[in-house]
Amino acid sequence: MEQLLRQIDDHKKEISSFNATDEKQVEDFRIKYLGSKGIVKAIMGEMKNVATENKKEAGQLLNEFKVFVEGKYNELKESAVGSQESSASTIDLSLPGDNLPIGSRHPVVLMRNRIVSIFQRLGFAVAEGPEIEDDWHNFGALNLPEHHPARDMQDTFYVQQNPDWVLRTHTSNVQIREMEKGKLPIRMVMPGRVYRNETVSARSHCFFHQVEGLYIDENVSFADLKQTLYFFVKEMYGKDVKVRFRPSYFPFTEPSAEMDVSCFICGGSGCNICKKTGWVEILGCGMVHPNVLTNCNIDPAKYTGFAFGMGIERPAMLKYEINDIRLFSENDVRFLKQFTSAI
Ligand code: DAH
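Cut-off values and rules
- Residues numbered from 1 in each chain as written.
- Predicted model: local features only at pLDDT ≥ 70, side-chain atom pairs only at ≥ 80, totals over all residues.
- Heavy atoms only, no water.
- Buried < 20%, exposed > 50% of the residue type's maximum accessible area, 1.4 Å probe, protein only.
- Helix = DSSP H or I, 4+ residues; strand = E, 2+ residues; numbered from the N terminus.
- Pairing = 2+ DSSP bridges.
- Domains from an automatic or database assignment.
- Contact = heavy atoms within 4.5 Å.

**Thoughts on the pairing of strand 8 (residues 279-288)**
Then step 1. Counting buried positions along strand 8 yields eight of 10 residues, so the element is predominantly enclosed.
Then step 2. In terms of strand pairing, strand 7 (residues 253-262) meets strand 8 through eight bridges, oriented antiparallel. Within the sheet, the bridge partner assigned to Glu-258 lies in strand 8 and is Gly-284.
Then step 3. Where strand 8 and strand 9 (residues 304-311) come together, five bridges link them in antiparallel fashion. In the sheet register, Gly-286 faces strand 9, and the bridge partner there is Ala-307.

**What to know about the domain arrangement of the protein chain**
You'll often see interface size given as the accessible area lost when the parts meet.
Then step 1. Here the domain parsing of the protein chain yields domain 1 (2-88) and domain 2 (107-336).
Then step 2. Using only C-alpha atoms to locate each centre, domain 1 and domain 2 end up separated by 84 Å.

**A closer look at the pairing of strand 6 (residues 243-250)**
Then step 1. As judged from the seven bridges shared by strand 6 and strand 7, these two strands associate in the antiparallel manner. Across the sheet, Arg-244 pairs through a bridge with Asp-260, a residue of strand 7.
Then step 2. Turn length for the strand 6-strand 7 hairpin, with the two strands adjacent in sequence and antiparallel, is two residues.

**As for the side chain of Gln-175**
Then step 1. Position of Gln-175 relative to the elements: it lies in helix 7 (residues 172-180).
Then step 2. Not counting chain neighbours up to four residues away, the residues in contact with Gln-175 comprise Leu-142, Met-190, Glu-212, Gly-213, Leu-214 and Ala-307.

Here it is, written out as structure tokens:
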């Protein structure tokens, strides 16, 4: 009994002076005293050596000891958590933060936004359409029936699963989709990605982007087309740029034209960009062919309209002096991060 009392006293002293600064030390304490092979268990085991007349007193002492150890354990637990909280509050909040790199807009997106916003100012709405398209919307309705030689103007990717599906070769499919809805007048621009089965090189790619334009109403004339596109060119390339229309051919417009602007690199005197001609071609356009209107259930006797289509990559390449179209789709961050400012 004497010995037991001494043991308990010694442990109590040790325990009282025990301090823990983190959770690991608290856990070590628990294992040492309260674990299945710990000191409390060991001392309980001593009970069998205590004389019968002392057992009651010894039992009480041991219980008290156990409660004492448990109390200390809880105290340690709380103070360890508290000390961790207080170490968290010593973080210096005035230190400068880590710089997160800010993303930048893709040059094709910058150019698209710029083109679209000029037409928005003229009251054009924005529409989009599917990139996987059926033959009717990409060709047929645009006055390009099967076997029409003009289908060869654009090398087409066909979808193996369904011979009626193509990857759209131009954004003109959205014209048809909008006209089919039957809500007139229409004044819309339609940006999007298009696909052509072409060998990939610095100058051409198997996919690129276009912005299509469409205006259908009563009494829309070629003069409206010219005026709209003049406005666009002046906004886009500046007041001094010269414009010329060249007669052209597209099955979906009659008459058709292509529009050139005086080379904004050399000012028209001739350089590599304009191939020494002084002019850069920027878009195709024309008056919507009556057959196209009929295909979309619009009466060509009542309504007329104009349409145009332009690429996005080429003006972006000229604007940013990019000499390889493949850079647009390689996702090299060193290339992409250069285009941080709005244009
Ligand atoms: N779809 C033509 C192309 O991809 C561009 C075009 C020309 C669109 C004339 C038009 C247009 O709407 O009227 O080459």
